[in-house]
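Architecture and fold: a report
What follows is each chain in one-letter form.
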Amino acid sequence: MSTLAPLRLLREPSNASEGNHSNATVGAGGGWCQGLDIPNELFLALGLVSLVENLLVVAAILKNRNLHSPTYYFICCLAVSDMLVSISNLAEMLFMLLLEHGVLVMRPSIVRHMDSVIDTLICSSVVSSLSFLGVIAVDRYITIFYALRYHSIMTLQRAVVTMASVWLASTVSSAILIAYYRSNTVLLCLISFFLFMLVLMLVLYIHMFALARHHLHSISSQQKPPTAHRGGSLKGAVTLTILLGVFFICWGPFFFHLILIVTCPTNPFCTCFFSYFNLFLILIICNSVIDPLIYAFRSQELRRTLQEVVTCSW
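Residues numbered from 1 in each chain as written. Predicted model: local features only at pLDDT ≥ 70, side-chain atom pairs only at ≥ 80, totals over all residues. Heavy atoms only, no water.

**A short note on the layout of surface pockets**
Heads up, the condition is: Both site types are read off a 1 Å grid over the protein atoms alone. A 1.4 Å probe that fits but cannot get out defines a cavity, while an open set with protein on both sides within 12 Å along at least five of seven lines defines a pocket; lining residues have an atom within 4 Å of a point. Grid points are joined across faces, edges and corners, and a volume is the space filled by probe spheres set on the points. Secondary structure elements are defined from DSSP: runs of H or I of at least 4 residues count as helices, runs of E of at least 2 residues count as strands, and each element is numbered from the N terminus. Under the scheme applied here, ten amino acids are nonpolar (Ala, Val, Leu, Ile, Met, Phe, Trp, Tyr, Cys and Pro), four are charged (Asp, Glu, Lys and Arg), and all others, including Gly, are polar.
Volume-wise, the second largest pocket comes out at about 240 Å³. Lining the second largest pocket we find 13 residues, and of these Val127, Ser173, Ser174, Cys189 and Leu190 sit closest to its centre. Elements that contribute at least two residues to the lining of the second largest pocket include exactly helix H5 (108-145), helix H7 (156-179) and helix H8 (184-222). For the lining of the second largest pocket, the leading source of residues is H7, giving 7 residues. Class assignment for the residues of the lining of the second largest pocket results in 9 nonpolar, 4 polar and no charged.

Structure follows, in structure tokens:
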């Protein structure tokens, strides 16, 4: 059964033959190169958890008018992106199960068309999720360093344009990726995009952490009471610290896998790394589960609204 099909197409290089892959696996280290057999039930369970979490976040933001701001709109878009990953994953698994058990009978051409649509939806969700991670980081940076000018810089109109641009670019780039997934140029673009997002958030984190550290030093040396701005700086630095760790752990192995496909497709140790591809996919889905905890549950207002949504206090 296929899960996250467009990513599974990148399981191993196209120029690595089956024989070369087998020989490399044996020569590179025997048992530990056999990879992990991850059951589809685990993909299904994580997808359901992610779906419920992100659906609650979207419902809470729509319910509370105090959360109708660009910052929470970006968080809502991130939740929708993660939710679409889960929905697409579940829809694909259900579609494949119905085909395998003969419940659905379709012509091969229709099946391929459906698969391409699902592939594009999943890939678009992944790309948009990465994009909104960066957008949220930039938004919080502006909130801290340009607090007095934030509402003039991040207007509702600019926020809407940003969100629409991300969704449009994600859809177009995903269609290209699905069509030319065997091209090293496409893979290099995807790798470059990941590295750009990682460097962007790292730079923002370092700057925010430096500011928070300066404020804490000022408080301790001059015995000044902490202001709301200082508290926001520290909280933003802590949030981005968690963000960078989770982002690197969840996405790093998959993009390192892509780097190895481009740089050493037939090397024994690289092909050994390829055998753990299912684990990398699990980590990506885990990122969709963890995102609400990082971006949503650290907001007191959103936590309160989530409690109301869960208890049906409408």
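Following the structure, the description resumes.
**Points about H7**
Our working rule: A helix is expected to span 1.5 Å multiplied by its residue count minus one. Throughout this description, buried means an accessible area under 20% of the type-specific maximum (1.4 Å probe, protein chains only), exposed means over 50%, and partly exposed covers the range between.
Between its terminal C-alpha atoms H7 stretches 35 Å, which fits the 34 Å expected from 24 residues at 1.5 Å a residue. Taken together, the buried positions of H7 are occupied by Ala159, Met163, Val166, Ser170, Ser174, Leu177 and Ile178.

**Considering helix H4 (residues 70-100)**
Relative to the 45 Å expected for 31 residues at 1.5 Å per residue, H4 spans 45 Å between its end C-alpha atoms, a close match to the ideal helical length. One or two steps after H4, the chain reaches Gly102, where phi turns positive at roughly 75°.

**Re the state of the cysteines**
Using the following cut-off: Only a pair of cysteine sulfur atoms within 2.5 Å counts as a disulfide in this structure description.
A complete count under the given rule lists 1 disulfide for this structure. The side chain of Cys264 participates in a disulfide bridge whose partner is Cys270; the two sulfur atoms lie 1.8 Å from each other. Judged by the torsion about the S-S bond (-85°), the Cys264/Cys270 disulfide is left-handed. Accessibility assignment for this pair places Cys264 and Cys270 in one class, buried. For Cys286, which is in no disulfide, the shortest distance to another cysteine sulfur is to Cys250 and amounts to 6.2 Å.

**Things to note about the UniProt feature "transmembrane region" (unreviewed entry) in the protein chain**
This is how it is decided: UniProt positions are given in the numbering used here, feature names are shortened, and annotations may be inferred rather than shown by experiment.
As annotated by UniProt and renumbered to match this structure, "transmembrane region" (unreviewed entry) occupies residues 42-62, 74-97, 117-138, 159-179, 185-212, 233-261 and 273-297. With 100% helix and 0% strand, residues 42-62 has end C-alpha atoms that lie 30 Å from one another. When the span residues 117-138 is considered, its composition is 100% helix and 0% strand, and the gap between its end C-alpha atoms is 31 Å.

**Let's talk about the pattern of salt bridges**
The condition that has to hold: Salt bridge, as used here: a side-chain nitrogen of Lys or Arg that lies within 4 Å of a carboxyl oxygen of Asp or Glu.
With the rule as written, the count across this model stands at 3 salt bridges. Across the pair Glu301 and Arg304 runs a salt bridge, and its minimum N-O distance is 2.7 Å. Separated by 3 residues within a single helix, Glu301 and Arg304 lie in helix H12 (residues 300-310), roughly one turn from each other. On the basis of relative accessibility, which here comes to 25%, the residue Glu301 falls in the partly exposed class. Under the relative-accessibility criterion, Arg304 is labelled partly exposed at 37%. Where Arg304 meets Glu308, a salt bridge forms, and the shortest distance between an N and an O atom there is 2.8 Å. In this pair, Arg304 and Glu308 are both assigned in helix H12, 4 residues apart and thus about one turn of the helix distant. On the basis of relative accessibility, which here comes to 21%, the residue Glu308 falls in the partly exposed class. Each of Lys63, Glu301, Arg304 and Glu308 takes part in a single network of salt bridges with overlapping partners.

**A closer look at the side chain of Glu53**
Heads up, the rule is: When charges are counted, neither His nor the chain ends are considered; positive counts come from Lys and Arg and negative counts from Asp and Glu. Residue contacts follow a heavy-atom distance rule, with two residues in contact if any of their heavy atoms lie within 4.5 Å.
Within the secondary structure, Glu53 is located in helix H3 (residues 40-63). One buried charged side chain, Glu53, makes no salt bridge at all; its nearest oppositely charged neighbour is Arg303, positioned 14 Å away. Setting aside residues up to four positions removed in sequence, Glu53 forms contacts with Ser288, Val289 and Pro292.

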